[in-house]
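Below are the chains, spelled out letter by letter.
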Amino acid sequence: MVVKTLKIGKLKLKNSLVLAPMVDVTDLPFRLLCRRAGAALAFTEMIYVNAILHENEKTKQMMKTCKEDSPLGLQITGNDVKEFEEFVRRKKLWEKFDIIDLNCGCPSTRIVGTKAGCYLLRDTEKIAAIIKILKTTGKPITVKIRLGFLKNDVLEIARAIEKAGADAITVHARLSNDAYSKKADWSWLARVKKEVKIPVIGNGDVFTGEDASKVLEVCDGVMIARGAIGDPLVFTRVLDYLNGTKDNKLATPNRGAVGDFYNNLEQFEGYLKMEKKYFGTDADFGKIKYVGGKFLRGFAGASQKRDEFMKLKGWKEIEDFVLELGNGLV
Ligand SMILES: Cc1cc2nc3c(=O)[nH]c(=O)nc-3n(C[C@H](O)[C@H](O)[C@H](O)COP(=O)(O)O)c2cc1C
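Here is what the cut-offs are and how they apply
- Residues numbered from 1 in each chain as written.
- Predicted model: local features only at pLDDT ≥ 70, side-chain atom pairs only at ≥ 80, totals over all residues.
- pLDDT = per-residue confidence, 0-100.
- Contact = placed C-beta atoms within 7 Å.
- Core = buried A, V, L, I, M, F, W, Y, C linked by C-beta atoms within 7 Å.
- Buried ≥ 20, exposed ≤ 12 C-beta atoms within 10 Å, placed from the backbone.
- Domains from an automatic or database assignment.
- Helix = DSSP H or I, 4+ residues; strand = E, 2+ residues; numbered from the N terminus.
- Pairing = 2+ DSSP bridges.
- Right-handed = clockwise from strand over helix to strand, strands pointing away.
- Near = placed C-beta within 6 Å.
- Nonpolar A, V, L, I, M, F, W, Y, C, P; charged D, E, K, R; others polar.

Observations regarding the confidence of the model for the protein
Predicted confidence across the protein gives a mean pLDDT of 93, with 94% of residues reaching 70 or more. Confidence drops under a pLDDT of 50 for residues 249–258, and excluding neighbours within four residues, the segment shows 28 contacts in the predicted structure.

Structure, rendered in structure tokens:
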């Protein structure tokens, strides 16, 4: 199987592999690593539309991008159509993004409590109204959904999203209340694909080339989230598998089965360097430790190194740690 390309509205992607939006993970440095590894499209983490309207520093950091970070989707959620109307009126808030994605999948109680995220799946009229407002930007509009809110209404939801004018739909093949322990049900991806004409991006439990190829048999694109945490090179391995250049049925280094630790160490260093370059003294060290720590696996003594990494303070200590880590493992 040679990897397919994907077209979303007027946007042509170089392949069909997409990095998922992930709160506290998919910031600019992380996205760049995944792009360099082969991801054709990436999204910001989910941002509440109201927070964007307030234009505070934290939100601006979440929306930070650069030339190489392209094409990029801005993922937003909310419930109040007036906020979306205000958002589209303020062009400077969205003009630098290539896609605007509406999150209808987040199950966190904080978001569902405001009737945003996956709560929107209960109200396809509201979703349609928001899509129509977002379409006035002229940008491709995508929607990320789950199979339904408590019950599976995905076909009806997908039809409503297409009818409202969305350019593509991403389906995370679980219900709003399904935990990750329940396997994503890819059979629904195929059913959604048959139901609508717009591109369908399949998501949920894709960790290997073989997983991706199964999803691509029934979808136009495939989105990877957890598989990329601590392991952006998952995109390279998936591409190699799809292009037939390498047989990769194995789990990722993330899962502890295989892995080239030195490549991963390079990714870890790259991540930290870019965090310093793009965020400097404003860097969110809590986030850096959470995301950075995920790279430290798959070698003897990894858990001790993770513990040490968690205790570091400031850039100097982090840089010394990386230097020592590299030397210690040569
Ligand atoms: C740490 C983390 C943060 C996430 N944040 C978001 C988010 O901001 N927006 C979103 O649509 N989904 C979010 N998700 C869900 C993922 O995008 C994806 O739909 C889900 O993890 C299933 O894909 P996977 O099996 O490849 O992990 C998040 C998932 C994780 C693990």
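Quick look at the nonpolar core
Val18, Ala39, Ile131 and Val222 are the most contacted members of the largest nonpolar core, which has 99 residues in total. Formed jointly, this core draws a minimum of three residues from each of two domains, domain 1 (6–247) and domain 2 (261–329).

Comments concerning the pairing of strand β10 (residues 200–203)
What you see with β10 is no split at all: Val200 and Gly202 on one side and Ile201 and Asn203 on the other are buried throughout. Bridge count for strand β9 (residues 168–175) against β10 is four bridges, and the pairing is parallel. Along β10, the bridge assignment pairs Thr170 with Ile201. The parallel pair β9 and β10, bridged by helix α8 (residues 187–195), forms a crossover whose chirality is right-handed.

Quick word on the site of the ligand
Among the 21 residues in the neighbourhood of the ligand, the closest are listed as Ala20, Met22, Met46, Ala225 and Arg226. Residues belonging to the shell around the ligand are distributed by class as follows: 10 nonpolar, seven polar and four charged.

Concerning the environment of Val196
For Val196, the position within the fold is in the loop between α8 and β10. Separated by 151 residues in sequence, Val196 and Glu45 place their C-alpha atoms 26 Å apart.

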